[in-house]
Amino acid sequence: MELTEFSHDINEWFSGSGPLADIVVSSRIRLARNLAGHRFLNSCSNEEKAEILEKLKSVLMPLDLGDKVFYVSVDKEPELNRNFLVERHLISRHHAMATGPRGAVIARREFFTAMINEEDHLRLQVLKAGCQLRACAEQIDRIDSQIEGRVEYAFNPRFGYLTACPTNLGTGIRVSVMLHMPALKLTNQIEKFMNAAKDMNLAVRGLFGEGTEAASDLYQISNQVTLGVSEKHIVSEFENVIIPEIVEYEKAARRQLLTNDTDTLDDKIARAMALLQNAHLISSQEALFLLSHLRLGLNMHEHMGASTPAIERLCALRASTKEQDKLTIRTINRLFMLTLPAHLQVNYGKSLDATHRDALRAKIIRDALTQQS
Amino acid sequence: MQCQICQKRTATIHLTEIQNGARTELHICEHCASEQGIATHSQMSINELLSHLLAVQPSDEEMFGPAEKDLVCPTCGFTLDRLRKEGTLGCPADYEVFEQALLPLIERAQGGKTSHCGKVPTTLPTDTKKFVELSQLRQQLEEAVHDEDYERAAELRDKMKQLE
């Protein structure tokens, strides 16, 4: 399977649809599993890693997922392709950078990935658009049970599913949601939110996981405790307590902007439009932040009926853009993903230096936001 | 991923430098970063957090005596010292070999919990399944008593009796 077969569009989970999509961009659940009878990866020789890889690949490829799957030999892919897969959240940065035999089994519609030989022998993940954690949990449990019928997982009655790092022990589950929270940032409440998340025993990360800054006002919130609490309990706490609370927090900040600080809101939206429509060189970081403000404006219009001068201009632009690039949340997310460094280069067909990437990125965005005459 | 400078520790800092249009990437550990004078104020990584938790514990000798300090996993050759440095284990058997050393660490990393609750493999022997189920019920019972939900506590106690 060639990466260019899907590099020109965004994946389903990033389409801007699903429940609470104005704030919850996507839901993701991953399970960490290891095979009984094998060492953890940091003690494995390359021969043993290759054996694990072959064993798991042969079990995973024929799985019934309701979608075609393809396999990527991560260790044999060039760096650019590995970065491309990281940008699409199909493999982790750790998996891209690790050493030795490793691979990923990916569903064609990109809702499922199995990373083989990441930190654990097997990392399964299911991703969906909007707030759909329960659906993710049901689907990943079905997939996990299918695998469990064919291999023996390392399991201990006291500690549950055994993982290389004790922080994943027990259920091996990591539930995470990607949230778009520009209003909390604009109203200087992000620190407060971070502290509240810490009190709830949650980890907050940037767009691309651990150690990455919150590009484009996107934050990933995930559970830290994996032992002694059932999968069902963790998921229901996210769906019934944590997400509604955070969503309400961001909504209150958006209302606050609209009633008390329209100038700040309009300034951000209008500047974003002006720069994105006119810039000839734009870095990935700058594009992400500016696109975030367009997304905020459109969502506030659609979900809160907001109508400020800048939002009106944004809506007028929406009506006049080219049909295929109709300015919707999906278009913004598409621009967001397709202008990431590895996406730009995969689609261009060769590697580009930073200046050429910035020029190409600016052109793609400019073209999409051009008014029809 | 290993640190590109010391080739020993795990790289937790990823730097991208763009100079005159040329891009270079460097993946290094916290230690080498501070030696190179690179300031870091990022969130603590999980491995770092674990190493930190391990470091503030009493030494192996203080905690377990000289015999445990020299304990080596017969399956993978892993030692407590490596665990202290790397934060990850060598093989599934380590959870039994180093159970005593791991318990306080697990308790801290897992919000005070030390036993599994949730999915179990369908292929487990019936006795083991029963053991897991009983320990989960015991945990739920403690929570119900803590929440003063005595009706639920009575239900859970009856369930446990049936299982036993």
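An account of the accompanying structure is given in this report. Just so we're clear, the structure is a prediction, and the values are computed from it rather than from any experiment.

Right, let's talk about the overall build of chain B for a bit. Scanning chain B from terminus to terminus reveals eight helices and two strands. Walking chain B from its N terminus toward its C terminus, one meets helices and strands in the order β-β-α-α-α-α-α-α-α-α. Looking at chain B residue by residue over its 164 residues, the buried ones come to 35%. Surface exposure of chain B reaches about 9,900 Å², of which carbon and sulfur atoms provide 50%.

Okay, the packing of aromatic side chains next. Residues and elements named next belong to chain A. Evaluated as defined, the whole model comprises eight aromatic pairs over all chains. A ring pair is formed by F155 and Y161, whose centres lie 5.0 Å apart and whose planes are at 75°; its orientation type is edge-to-face. Y161 sits in the buried class, given a relative accessible area of 1%. Just above the ring of Y71 sits the side chain of K57; from NZ or CZ to the centre is 4.2 Å. Directly above the ring of F336 sits R295, whose terminal nitrogen or CZ lies 5.5 Å from the centroid.

Residues and elements named next belong to chain A. Going through the model one piece at a time under the given rule, you end up with 22 salt bridges over all chains. When the shortest N-O distance is used, the salt bridge between E12 and R109 registers 3.1 Å. Pair noted here: E12 is in the segment before β1 (24–33) and R109 is in the loop between β3 (103–107) and β4 (112–116), with a separation of 97 residues, a long-range link. In this structure, the salt-bridge partner of D67 is R109, at a minimum N-O distance of 3.8 Å. A residue pair is termed long-range when its members are at least 10 positions apart, and D67 in the loop between α1 (46–60) and β2 (69–72) and R109 in the loop between β3 and β4 qualify at 42 residues. Owing to a relative accessible area of 39%, R109 belongs among the partly exposed residues under this scheme.

With that settled, the discussion passes to the interface of chain B and chain A. In this complex, chain B contributes 46 residues to the contact, which on the side of chain A involves 47 residues. Carbon and sulfur atoms supply 58% of the area that chain B and chain A bury against each other, a total of about 3,900 Å² over both sides. The largest share of the area that chain B buries against chain A comes from Y95, Q110 and K119 of chain B, three residues that together contribute 20% of it. In this assembly, chain B and chain A are joined by three salt bridges. Our count for the chain B to chain A interface comes out at 19 residue pairs in polar contact (both at pLDDT 80 or more).

Let's shift gears to the sheet that holds strand β9 (residues 202–205) of chain A. Residues and elements named next belong to chain A. The sheet built from eight strands is open, its strands ordered β2-β3-β4-β5-β1-β8-β10-β9 with antiparallel pairing. Every interior strand has two partners, whereas the edge strands, β2 and β9, have only one. Taken pair by pair, the neighbouring strands of this sheet meet at an average axis angle of 20°, ignoring direction. Bridge analysis of β2 against β3 gives four bridges, and the strand direction is antiparallel.

Our focus in this paragraph is the nonpolar core. When a protein is soluble and globular, its nonpolar side chains tend to lie buried together. Counting 103 residues, the largest nonpolar core has L60 and I147 of chain A as the members making the most contacts within it. With sequence-adjacent residues up to four places away left out, L60 of chain A is seen in contact with V105, A114, I116, L122, L124 and I147 of chain A. Judged by nonpolar contacts, the second largest core, of 21 residues, contains L162 of chain A together with F78, Y95 and I106 of chain B.

The subject of this paragraph is the environment of L63 of chain A. Residues and elements named next belong to chain A. Topologically, L63 is positioned in the loop between α1 and β2. Judged by its relative accessible area of 6%, L63 is buried. L63 sits 84 residues away from I147 along the chain, and the two C-alpha atoms are 7.9 Å apart. Once residues lying within four places of it in the same chain are set aside, the contact partners of L63 are I143, Q146, I147 and R150.

Further remarks concern unusual backbone geometry. Residues and elements named next belong to chain A. We note that H89 has phi near 60°; this positive angle belongs to a residue other than glycine. Following the sequence through the fold, H89 ends up in the loop between α2 (79–87) and α3 (93–97). Since its relative accessible area comes to 13%, H89 is described here as buried. One non-glycine residue, E110, lies in the positive phi region at around 65°. Within the fold, E110 resides in the loop between β3 and β4.

Criteria and thresholds
- Residues numbered from 1 in each chain as written.
- Chains lettered and ligands numbered in written order.
- Predicted model: local features only at pLDDT ≥ 70, side-chain atom pairs only at ≥ 80, totals over all residues.
- Heavy atoms only, no water.
- Helix = DSSP H or I, 4+ residues; strand = E, 2+ residues; numbered from the N terminus.
- Buried < 20%, exposed > 50% of the residue type's maximum accessible area, 1.4 Å probe, protein only.
- Areas by Shrake-Rupley, 256 points an atom, 1.4 Å probe, with all protein chains shown as cover.
- Phe/Tyr/Trp six-rings, centres within 6.5 Å; stacked < 30°, edge-to-face > 60°.
- Lys NZ or Arg CZ within 6 Å of the ring centre and 35° of its normal.
- Salt bridge = Lys/Arg side-chain N within 4 Å of Asp/Glu carboxyl O.
- Contact = heavy atoms within 4.5 Å.
- Buried area = accessible area lost by both parts, 1.4 Å probe.
- Polar contact = N/O pair within 3.5 Å; in protein donor to acceptor, adjacent residues only side chain to side chain.
- Pairing = 2+ DSSP bridges.
- Axes fitted to C-alpha atoms, helices over the stretch in contact; angles between N-to-C directions.
- Core = buried A, V, L, I, M, F, W, Y, C linked by side-chain atoms within 4.5 Å.

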